[in-house]
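# Structural overview for review
Okay, here's what each chain looks like letter by letter:
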Amino acid sequence: MKTALLILGIAALLMGLLWIGQGTGLIMWPASSFMLDQRPWATRGALLAVAGVVLIILARRR
């Protein structure tokens, strides 16, 4: 359970950071993505990254 939470948390954190980068226009990959330079995706990415950090913290406490 601990390992699964840690892996899920790391994946959520990395995906959230990617969404933030795409939503703010810092990461323009892939070129055909509908998320590029769209601010709502930056917000959703921030929420996902925070959730990932929470999962990592929970996994490390157990």
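If you're wondering where the values come from, they're calculated on a predicted model, not measured in any experiment. (Residues numbered from 1 in each chain as written. Predicted model: local features only at pLDDT ≥ 70, side-chain atom pairs only at ≥ 80, totals over all residues. Heavy atoms only, no water.)

### Quick word on the packing of aromatic side chains
Test applied: Between rings of Phe, Tyr and Trp, where Trp is taken as its six-membered ring, a pair exists when centres lie within 6.5 Å; planes separated by under 30 degrees are stacked, by over 60 edge-to-face, and by other angles tilted. Strands are runs of DSSP state E lasting at least 2 residues, helices are runs of H or I lasting at least 4, and numbering of each runs from the N terminus. Three exposure classes are used, based on accessible area relative to the maximum for each residue type with a 1.4 Å probe and protein chains only: buried under 20%, partly exposed in between, and exposed over 50%. By definition, being over a ring means that NZ of Lys or CZ of Arg is both within 6 Å of the ring centre and within 35 degrees of the ring normal.
If you walk through the whole model with that rule in mind, you get 2 aromatic pairs. Their ring planes at 80 degrees and their centres at 5.3 Å tell us that W19 and W41 sit as a pair that is edge-to-face. Taken together, the residues span a long stretch of sequence, with W19 in helix α1 (residues 2-24) and W41 in helix α2 (residues 39-61) at a distance of 22 residues. Between F34 and W41, the ring centres sit 5.8 Å apart and the planes meet at 70 degrees, which makes this aromatic pair edge-to-face. Since its relative accessible area comes to 62%, F34 is described here as exposed. An aromatic cluster of three or more residues is present, and its members are W19, F34 and W41. Sitting above the plane of the W41 ring, R44 keeps its charged end 4.7 Å from the centroid.

### Side note on the side chain of Q22
Operational definition: Working rule for contacts: check all heavy atoms of both residues, and any pair within 4.5 Å makes them a contact.
Here Q22 shows up in helix α1. Of the residues examined, Q22 reaches a relative accessible area of 3% and is grouped as buried. Contact partners of Q22, with chain neighbours within four places excluded, come to I27, W29, P30, S33, M35, L36, D37 and Q38.

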